[in-house]
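Overview (structure and organization)
In case you want the letters, here they are:
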Amino acid sequence: MKRSRLLMTIIIIGLLSYLTVSYFQTQNRLWETKKLATTAKVWGFLKYYHPNIGKDPFYWDKQLFTVLSQVKEAGNREELSKVYLELLDSLGEVPNISIVDTIPADRYFNKNFNLDWISNEEVFSKELCTKLKFIEENRAQGDHYYVSSVPYVGNIQLKNEPLHNSFDWTKKEYRLLSLFKYWNIIEYFFPYKYQMDQNWDEALIEMIPKFTNCQSEKEFHLAMLELVVKINDSHAGLRTSLTKQYFGSRWIPAKFKIIDEQAIITGFYDQILAEEDDLQIGDILTSVNGKSISKILKEKDKYIHASNASVKLRNAYKCIFNGSSDSLHIEYIRDGKSLHKTIRRYPFSKFKLEKNKDPKWKILENHIGYVNMGILERMDVPAMMDSLMNTNAIVFDVRNYPRGSMYDISNYLNEEPREFVKLTVPNLNYPGKFTWTQSIKCGGKEGPKYKGQVVILVNEETQSHAEFTTMCLQTAPNAIVIGSQTSGADGNVSQLNIPGDFKSYMTGIGVFYPDGRETQRIGIVPDIEVKPTAEGLKAQKDEVLEKAIETIGNTLDKTIAQK
């Protein structure tokens, strides 16, 4: 009995010792991450706010490396604040310029703005908080060294950013440089930060260990991709040689659409190669190399950039069937039967792609005009409208990327100028804040006006300028939108070049309806929702267009009945 009690006592003491060590190890890791997160914030704040920064483009990056070595030794709040205070002192005195804000309060869009952290005395010393607040109140004004506004648009463009041609990914400080730069660009200049699924501060805390603990260059690149995906923006892609290697550069010769976590073949990149493996339109692929489509999507979700779930599925193309091997095994359903086989993969360059032979516009049944906005040029608009002027309705298909014809078309649709959008743009004199622009109008020029019904077709392919185009065409008196959720990424794009040979993008301005309704992530909300079905895809039907023709027919019937 005594021996049993002694053994139990030893076990309990051992367990308590283990738990104590584990607790302190955890606390130490949390403290190290917290120090790096505050360093990212202070370094980025000074970069965009301090009036004395901006001469040697490599200077501020080198300052980060110096500070990181000092931060590593800081054991508490006071020591950490001392490191930052020494950094401030090295930058020289900040002039007290008593900034007078000339922008009316109602023109500010402040949902992204939060500098409360600079006054948090639980994290920083009182002296440091006071100095950071003084810098905010006497921040840099006018031309900024690291960022400028695109003329006539307002989204940012980076400048004077060193790309570090000798970038060494094996050094932790270089990996953190990439993380900190990207994080601060989004923190101060991404118009939709407030709409992210994850709080951006929390994202920083989560990603720091993933950047500091990388065991390979591919792991580093995937961490960067994961960070980019976190901003929930369909514009925010990232492709490098190593991320492409991760997904694989060999493709199956078939196009597909994901419905109910199954991939349905909708067409071919190369029909001859597809026929060699007996791939048919309407085949429902359920498994790849023993993994279900749903499991693959779940595993790769953090690497698929998108504003919403519809675009997640659209952008999953590279995750499902791509790979590095010459073949893969699939399970699929055809004519109600479950089958399986091995099919081949090819470099995309091997496919013989057919050119689009569709007409720019045509007349459908019931004297309905149809316009493919993806191939219609501005110069085509007068001829197109002239040939469709007497139709009962015009269907503008915006399930593509238009070519700038929307204002010209709108002049045929609206008797008077109509407001269709207003924007928010970054305020470079107060980074993190955005200002409203005046509403933009379309239509109203003299000339013949179209009197028939206007129908606009949209889906997840309707992105950016396509969404902007849809908003413009929606101003027509008889306009109706049919289809499914659009991409939810409207607004001019800013390119972001980040050390480590990373090139990414972000939506650079906020786009709203004149009444303030949001479009980012939500997209253009259809008046009539129609989604393709597996049956429709197999029969090669355009169910969205069919619904448009049906809707127009019903309207015509009602009009005739009323007469």
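Scope of this entry: the structure provided in the associated data block. (Residues numbered from 1 in each chain as written. Predicted model: local features only at pLDDT ≥ 70, side-chain atom pairs only at ≥ 80, totals over all residues. Heavy atoms only, no water.)

Topic: the environment of Asn213
To be explicit about the condition: Each helix is a run of H or I in the DSSP string that is no shorter than four residues. Each strand is a run of E no shorter than two, and both are numbered from the N terminus. Only protein chains enter the accessibility calculation, which uses a 1.4 Å probe. A residue is then buried if its area is under 20% of the maximum for its type, exposed if over 50%, and partly exposed in between. By the convention used here, residues are in contact when the closest approach between their heavy atoms is within 4.5 Å.
By secondary structure assignment, the location of Asn213 is in the loop between helix H6 (200–212) and helix H7 (217–229). Assessed through its relative accessible area of 46%, Asn213 is described here as partly exposed. Residues Asn213 and Arg175, 38 residues apart in the sequence, show an inter-C-alpha distance of 9.8 Å. When near neighbours in sequence (up to four residues on either side) are disregarded, Asn213 contacts Arg175 and Glu219.

Here's the deal with the side chain of Lys35
Inspection of the secondary structure assignment puts Lys35 in helix H1 (residues 2–49). Given a relative accessible area of 1%, Lys35 falls into the buried group. Those residues in contact with Lys35 that sit more than four places away from it in its chain are Val71, Lys72, Glu73, Ala74, Leu80 and Tyr84.

What to know about the sheet that holds strand E19 (residues 479–483)
Strands in a sheet are paired, the pairing made by backbone hydrogen bonds, and the direction either parallel or antiparallel. For clarity, the cut-off: When DSSP finds two or more bridges between two strands, those strands count as paired. Helix axes are fitted only over the stretch in contact, all axes being lines through C-alpha atoms; the angle between N-to-C directions runs from 0 to 180 degrees.
With mixed pairing, six strands are arranged side by side in an open sheet as E12-E13-E14-E18-E19-E23. This sheet does not close on itself; its edge strands, each paired only once, are strand E12 (361–364) and strand E23 (528–529). Where strand E14 (residues 393–397) and strand E18 (residues 453–458) come together, five bridges link them in parallel fashion. From the neighbouring strand, Asp397 faces E18, where its bridge partner is Leu457. Each of E12, strand E13 (368–372) and E14 touches helix H13 (residues 381–388); the most contacted strand, E12, lies at about 10 degrees to it.

Considering the pattern of salt bridges
Heads up, the condition is: A side-chain nitrogen of Lys or Arg and a carboxyl oxygen of Asp or Glu constitute a salt bridge if their distance falls within 4 Å.
Tallying each qualifying case throughout the model produces 32 salt bridges. The closest approach of N and O atoms between Asp326 and Arg250, which form a salt bridge, is 3.1 Å. A residue pair is termed long-range when its members are at least 10 positions apart, and Asp326 in the loop between helix H12 (317–320) and strand E9 (327–334) and Arg250 in strand E4 (residues 250–251) qualify at 76 residues. One continuous salt-bridge network, built from bridges that share partners, spans Lys47, Asp61, Glu161 and Lys181.

Describing the environment of Arg517
Rules: We call two N or O atoms a polar contact when they sit within 3.5 Å, provided that within protein one can donate a hydrogen and the other can accept it, with sequence-adjacent residues counted only if both atoms are side-chain atoms.
Looking at the secondary structure, you find Arg517 in the loop between strand E22 (510–512) and E23. The class for Arg517 is partly exposed, based on a relative accessible area of 47%. A C-alpha to C-alpha distance of 17 Å links Arg517 and Lys193, two positions 324 residues apart in sequence. Among the polar contacts listed, one links the side chain of Arg517 to the side chain of Asp515, at a separation of 2.9 Å.

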